[in-house]
Amino acid sequence: MMVPLFIARLVRTNKGAYLIKRNNRIQFLSPTQALVLSLCNGTFTLEEITNLISEIYKEEREKVKGDIKSFLDAQKDEIIFYLQNYLHL
């Protein structure tokens, strides 16, 4: 299963926080959330992202997969909005 393509730009502050500007608002992301979104570049599947995050954090694979799916589902409307604007749909 391919994950949604994420195009918006992530910004890392000098304090280590990750920000993303969407719809004239700023959203703060954890380093893990930023990593997941950065991997949503059209080359990684959900399985590959899950394996990477699971390995990095030494967490159970199924738990990580559920967390990633929940996070991406929560971002879905924003991702679709960006894709529509990026592709001029």
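The following paragraphs examine the structure supplied in this document. Quick caveat: nothing in here was measured; it's all calculated off a predicted structure.

Scoring rules and cut-offs
Residues numbered from 1 in each chain as written. Predicted model: local features only at pLDDT ≥ 70, side-chain atom pairs only at ≥ 80, totals over all residues. Heavy atoms only, no water. Core = buried A, V, L, I, M, F, W, Y, C linked by side-chain atoms within 4.5 Å. Buried < 20%, exposed > 50% of the residue type's maximum accessible area, 1.4 Å probe, protein only. Helix = DSSP H or I, 4+ residues; strand = E, 2+ residues; numbered from the N terminus. Contact = heavy atoms within 4.5 Å. Salt bridge = Lys/Arg side-chain N within 4 Å of Asp/Glu carboxyl O.

1. A short note on the nonpolar core
Val-36, Ile-49, Ile-53, Ile-68, Phe-71 and Leu-72 are the most contacted members of the largest nonpolar core, which has 13 residues in total. Residue assignment for this core shows that the elements contributing at least two residues are α1 (31-39), α2 (46-57) and α3 (61-86). Among the elements that line this core, the one with the most residues is α3, at four residues. Not counting residues within four places of it along the chain, the set of residues in contact with Ile-53 comprises Thr-32, Leu-35, Val-36, Val-64 and Ile-68.

2. A look at the pattern of salt bridges
Throughout the structure, instances matching the rule amount to four salt bridges. Taking the shortest distance from any N to any O, the salt bridge between Arg-61 and Glu-47 comes out at 2.0 Å. On the criterion of sequence distance, the pair formed by Arg-61 in helix α3 and Glu-47 in helix α2 is long-range, its members being 14 residues apart. Looking at Arg-61, the relative accessible area reads 26%, which means it is partly exposed. Glu-47 sits in the partly exposed class, given a relative accessible area of 29%. As a salt-bridge pair, Lys-65 and Glu-47 come within 2.6 Å of each other at their nearest N and O atoms. Here Lys-65, found in helix α3, pairs with Glu-47, found in helix α2; they are 18 residues apart in sequence, far enough to count as distant. What you see here is one network of salt bridges that share partners, running through Glu-47, Arg-61, Glu-62 and Lys-65.

These values are about where atoms sit, not about what they do.
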